[in-house]
Amino acid sequence: MDRILIRGGKRLEGRLPISGAKNAALTLLPCALLTEDALTLANLPRLADVDSFGHLLNQLGVSTMVEGSRPEDFGRVMQLRAGSLTSTVAPYDIVRKMRASILVLGPLVARAGEATVSLPGGCAIGNRPIDLHLKALEAMGAEIELTAGYVKATAPGGRLPGGRFVFPVVSVGATENALMAAALARGTTVLENAAREPEIVDLCHCLVAMGAVIDGIGTETLTIEGRERLHGATYRVMPDRIEAGSYACAAAITGGSLELAGARADEMRATLAALREAGVRIEERKDGVLVEAGDRLGPLTLSTAPYPGFATDMQAQFMAMLTKADGASVLTETIFENRYMHVPELARMGADIQVRGRSAVVRGVDRLIGAPVMATDLRASMSLVLAGLAAEGETVVQRVYHLDRGYERLEEKLSAVGADIERASDG
């Protein structure tokens, strides 16, 4: 099994390219199910989750072809074509590995009139039910049945009529599933209290490029006029705002300076505002964001919230950064109830963190010490890498497969800007 070795204490400096967004890519891939034409996605990140989703689509009858991409390049161009669906069943052996697999449910039932999808897996960061996905589809006319660990959805008459649904709480995944299903409905669908994340906007723009009619993009009320069919398109995946924020924290915790090439400041306002408050210098540029550590890191009080609030996917990285702040910080997690599993591992490296219910008090320490640590989920694993970059001695991060799900060639990118980091394998 692979592991990452980090010898800390190196100041990071230079230009670091930001890859296509994992969370956007996993939403755009199932759009291929909505048309018999080819959907070509550019800037698709090379990630384990993207590969797993591709395998799932292959099982449903989608052909995938990588176009003109060299192995050494970041990102790739992929053409997907679902000329005819060979299956409407998403099996457990693939879906269990990745929660985003549930996003084939809406497109399948919209196009084929039926879908059978295993209940999803993914990171172990607490209870993330799919009830809102199902209720939204029911509001659009789907009949839902749960049996033997699978969700079966059918559209009476072979096509969803559309409808109105008010999300009782904001749900990114449920909004995405409902959007894709609504694009092929017979009538108009209205989604209220919809998620507004940049990845939702990216999905809307891709669907529009395929012929969908969507009003209210970027707002909490989306109106989708269903179409008889969608056509193919070529679309570029947005840059990864979470990856950019993670590397911004790397610059801050190492006292460094990084130019995050391709990052979009307008999509990561809450992250940049928090960094500025901590004393990090931010310069927004036309083609990216420059992040420079200040003389000292100041403490923060942060609470995660749906977009445009502070992202739950940045909580672990900020916690690692704040272990080196001058003072006590308070982080409150409001989205998931079990997202502090990185705390014991950071404590092994000398961090002073106390968890009190949904809040964590982080008291800055003079130094972190390298240690063997175990990653528990995607963002937690990145927090351990950040701590290792600033720690004295060697840090060994186990369970690297978590990182490979969401960070494209992490060790290559960090090595290029001065980190002493390498991947090792037992076999």
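Residues numbered from 1 in each chain as written. Predicted model: local features only at pLDDT ≥ 70, side-chain atom pairs only at ≥ 80, totals over all residues. Heavy atoms only, no water.

The name that an unreviewed UniProt entry assigns to the chain is UDP-N-acetylglucosamine 1-carboxyvinyltransferase, with the source organism given as Sphingomonas gilva. Per UniProt, the chain has the following entry under Pathway (unreviewed entry): "Cell wall biogenesis; peptidoglycan biosynthesis." (UniProt positions renumbered as here; feature names shortened; annotations may be inferred.)

Peer 1: Any chance you could explain the side chain of Thr-312 here in plain terms?
Peer 2: By the element assignment, Thr-312 lies in the loop between strand E18 (301-303) and helix H10 (315-322). For Thr-312, a relative accessible area of 12% puts it in the buried group. (Helix = DSSP H or I, 4+ residues; strand = E, 2+ residues; numbered from the N terminus. Buried < 20%, exposed > 50% of the residue type's maximum accessible area, 1.4 Å probe, protein only.)

Peer 1: Before we go on, may I ask you to explain the sheet that holds strand E23 (residues 394-398) in this structure?
Peer 2: Strands in a sheet are paired, the pairing made by backbone hydrogen bonds, and the direction either parallel or antiparallel. As summarised here, the arrangement of the 4 strands in space is E22-E23-E1-E24, forming an open sheet in which the pairing is mixed. Strand pairing shows two members of the sheet lacking a second neighbour, strand E22 (372-374) and strand E24 (420-425), which therefore form its edges. Neighbour-to-neighbour, the strand axes of this sheet turn through a mean angle of 25°, independent of strand direction. As paired strands, strand E1 (residues 2-7) and E23 are joined by 4 bridges and run antiparallel to one another. Counterpart to Arg-7 in the pairing with E23 is Glu-394. (Pairing = 2+ DSSP bridges. Axes fitted to C-alpha atoms, helices over the stretch in contact; angles between N-to-C directions.)

Peer 1: Is there a simple way to think about the UniProt feature "binding site: phosphoenolpyruvate" (unreviewed entry) in the chain in this case?
Peer 2: Those residues carrying the UniProt feature "binding site: phosphoenolpyruvate" (unreviewed entry) are Lys-22 and Asn-23 in this numbering. Locating Lys-22 in the fold gives a position in helix H1 (residues 22-28). Residue Lys-22 is classed as buried on the basis of its relative accessible area, which comes to 7%. Judged by its relative accessible area of 26%, Asn-23 falls in the partly exposed class. Sequence-distant contacts of Asn-23, defined by excluding residues within four places in its chain, comprise Glu-199, Asp-313 and Arg-379. Among the polar contacts listed, one links the side chain of Asn-23 to the side chain of Lys-22, at a separation of 3.3 Å. (Contact = heavy atoms within 4.5 Å. Polar contact = N/O pair within 3.5 Å; in protein donor to acceptor, adjacent residues only side chain to side chain.)

Peer 1: I'm lost on the packing of aromatic side chains in this one. Help?
Peer 2: What characterises a pair of aromatic rings is the spacing of the ring centres plus the angle enclosed by the ring planes. Applying the stated rule across the entire model yields 3 aromatic pairs. Between Tyr-247 and Tyr-407 the ring centres are 6.5 Å apart and the planes differ by 75°, which places this aromatic pair in the edge-to-face class. Of this pair, Tyr-247 sits in helix H8 (residues 241-253) while Tyr-407 sits in the loop between helix H13 (401-404) and helix H14 (410-416); the two residues are 160 residues apart in sequence, bridging distant segments of the chain. An identical accessibility class is assigned to Tyr-247 and Tyr-407; each is buried. On the basis of an interplanar angle of 90° and a centroid distance of 5.0 Å, the ring pair of Phe-310 and Phe-318 is categorised as edge-to-face. For Lys-413, the ring lying beneath its charged end belongs to Phe-74, and the centroid distance is 5.0 Å. (Phe/Tyr/Trp six-rings, centres within 6.5 Å; stacked < 30°, edge-to-face > 60°. Lys NZ or Arg CZ within 6 Å of the ring centre and 35° of its normal.)

Peer 1: What's the story with the pairing of strand E7 (residues 114-118) in this structure? I'm lost.
Peer 2: Remark: a regular strand shows side chains that alternate across the two faces of the sheet. Where burial is concerned, most of E7 is hidden: 4 out of the 5 residues are buried. As paired elements, strand E6 (residues 89-90) and E7 share 2 bridges and run parallel to each other. Across the sheet, residue Ala-90 finds its bridge partner in E7, namely Val-117. Of the strand pairs in this sheet, E7 and strand E9 (residues 150-154) are connected by 5 bridges, and their pairing is antiparallel. Looking at E9, one finds that Ser-118 is bridged to Tyr-150.

Peer 1: How should I be thinking about unusual backbone geometry in this particular structure?
Peer 2: Excluding glycine, residues mostly have negative phi values, and the peptide bonds linking residues are mostly trans. For the bond running from Tyr-307 to Pro-308, omega is 15°, close enough to zero to count as cis. Positionally, Pro-308 belongs in the loop between E18 and H10. The phi torsion at Asn-43 lies on the positive side, around 60°, for a residue other than glycine. As for its position among the elements, Asn-43 is in strand E3 (residues 38-44). Although it is not a glycine, Arg-409 sits at a positive phi angle of roughly 50°.

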